[in-house]
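Chain residues, written in single-letter form:
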Amino acid sequence: MAELQEVQITEEKPLLPGQTPEAAKTHSVETPYGSVTFTVYGTPKPKRPAILTYHDVGLNYKSCFQPLFQFGDMQEIIQNFVRVHVDAPGMEEGAPVFPLGYQYPSLDQLADMIPCVLQYLNFSTIIGVGVGAGAYILSRYALNHPDTVEGLVLINIDPNAKGWMDWAAHKEELSGNSELIQKYRNIITHAPNLDNIELYWNSYNNRRDLNFERGSDITLRCPVMLVVGDQAPHEDAVVECNSKLDPTQTSFLKMADSGGQPQLTQPGKLTEAFKYFLQGMGYMASSCMTRLSRSRTASLTSAASIDGNRSRSRTLSQSSESGTLSSGPPGHTMEVSC
């Protein structure tokens, strides 16, 4: 029987009053598919990739990622990496509305814009963090440019060509936080670039199947952390994606009480998982490990000592009710109290 251990996640620490946000530099470059705007925080670190983010439909980089990257415990991470936040065309703040009949890029073409960004910045490798449509775009980029992607954090990814879910319901999956729901409903409803948002949404709905297949040439070849909220509308799609990726390279994190946008509703838990993901890649080895990480490491080490030299495949399922962590052979589930 798999070993059970009680674990407890660390206290959430929002950015403290008086902490100064990092200076940002915003750039735009022309690509074969139009102009793309991106914002850079920090300076490049020797022998370290950049963290590159791509946001979901209906949001821009600020509304999608600021709660996560301004979270107190995230500061240890961002001090060690330069960050590049890409805005999909027409989604950046102050963007003019595209003229009637404008042909918005497909998601594949949006992915093909990323090399222009990296070439402009002279960055060679990235760790991608994407949500929804952004997760798809980064996955497509990783398939086309595997040597430039060291890792991926994919939140709410649907790799299939389907996905005609109701947009408003999708954005209201911020369960248990009516104030947050209202905030993001207002952002979308009153966005001056609502026509642009619709174009991005249409591109997402017309996406091609990524055709992931475990053991085939069409797969992600870097470490991947898949993230989804428990009972979120994307849950089935993310579970299916997990089944198609290399189990020795993939972690699956299902977060309780997080709704459809875990980076907004549970930045503390996601920061914790992201830090552990980076440590697994060999970065931030001297970072302080929380009780969650220590317990998980001890469990994995114990399992490895019993079963021999095993791959680092793992599947995480966070549940506020379970209060246990178990480990077993690849494909088994670890349940983590949050």
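Residues numbered from 1 in each chain as written. Predicted model: local features only at pLDDT ≥ 70, side-chain atom pairs only at ≥ 80, totals over all residues. Heavy atoms only, no water.

**A few points about the side chain of H55**
Along the chain, H55 turns up in the loop between β4 (50-54) and α1 (61-69). H55 gets classed as buried once you look at its relative accessible area, which sits at 0%. In this structure, H55 is in contact with N60, Y61, C64, F65, V86, D87, A88, M91, V131, A133, G134 and Y200, ignoring residues within four places of it in sequence. (Helix = DSSP H or I, 4+ residues; strand = E, 2+ residues; numbered from the N terminus. Buried < 20%, exposed > 50% of the residue type's maximum accessible area, 1.4 Å probe, protein only. Contact = heavy atoms within 4.5 Å.)

**Structural notes on unusual backbone geometry**
The phi angle at N156 is positive, at roughly 60°, despite the residue not being glycine. Even without glycine at this site, N211 takes up a positive phi of about 60°. Within the secondary structure, N211 sits in the loop between α7 (194-205) and β8 (224-229).

**Some details on helix α4 (residues 133-144)**
Helix length check: α4, at twelve residues, gives a terminal C-alpha distance of 17 Å against a target of 16 Å (1.5 Å per residue), a fit within 8%. Extensive coverage of α4 is indicated by the burial of ten of its twelve residues. Buried positions along α4 lie against β4, α3 (107-121), β6 (126-131), β7 (149-155) and α7. (Expected span 1.5 Å × (residues − 1).)

**Remarks on the pairing of strand β2 (residues 24-31)**
As paired elements, β2 and strand β3 (residues 34-41) share eight bridges and run antiparallel to each other. Note that in β3 the partner of S28 across the bridge is T37. Linking two consecutive strands that pair antiparallel, namely β2 and β3, is a turn of two residues. (Pairing = 2+ DSSP bridges.)

**Description of the confidence of the model for the chain**
Put simply, the chain has an average pLDDT of 78, and 69% of its residues get 70 or more. For the chain, per-element mean pLDDT is lowest for strand β11 (residues 325-327), which scores 30, and highest for β4, which scores 98. Low pLDDT, under 50, characterises residues 291-315; the predicted model gives this stretch 56 contacts beyond four residues in sequence or across chains. With pLDDT under 50 throughout, residues 317-338 is counted as low confidence; its partners more than four residues away or in other chains account for 73 contacts. (pLDDT = per-residue confidence, 0-100.)

**So, the packing of aromatic side chains**
Counted according to the given criterion, the structure contains nine aromatic pairs. Ring plane angle 65° and centroid distance 6.3 Å describe the contact between Y41 and Y61, whose orientation is recorded as edge-to-face. Of the two residues, Y41 sits in strand β3 while Y61 sits in helix α1, which places them 20 residues apart along the sequence. Of the residues examined, Y41 reaches a relative accessible area of 10% and is grouped as buried. Seen from their ring centres, F98 and Y104 are 5.9 Å apart, and the 65° between their planes marks the pair as edge-to-face. Geometry around F81 places R48 over its ring, the cationic atom sitting 5.3 Å from the centre. Directly above the ring of Y41 sits R83, whose terminal nitrogen or CZ lies 4.5 Å from the centroid. (Phe/Tyr/Trp six-rings, centres within 6.5 Å; stacked < 30°, edge-to-face > 60°. Lys NZ or Arg CZ within 6 Å of the ring centre and 35° of its normal.)

**Considerations on the pattern of salt bridges**
Evaluation of the coordinates by the stated rule reveals eight salt bridges. Across the pair E93 and K62 runs a salt bridge, and its minimum N-O distance is 3.3 Å. With a gap of 31 residues between them, E93 in the loop between β5 (83-87) and α3 and K62 in helix α1 connect regions that are remote in the sequence. Members of the salt-bridge network, linked through shared partners, are D108, R140 and R208. (Salt bridge = Lys/Arg side-chain N within 4 Å of Asp/Glu carboxyl O.)

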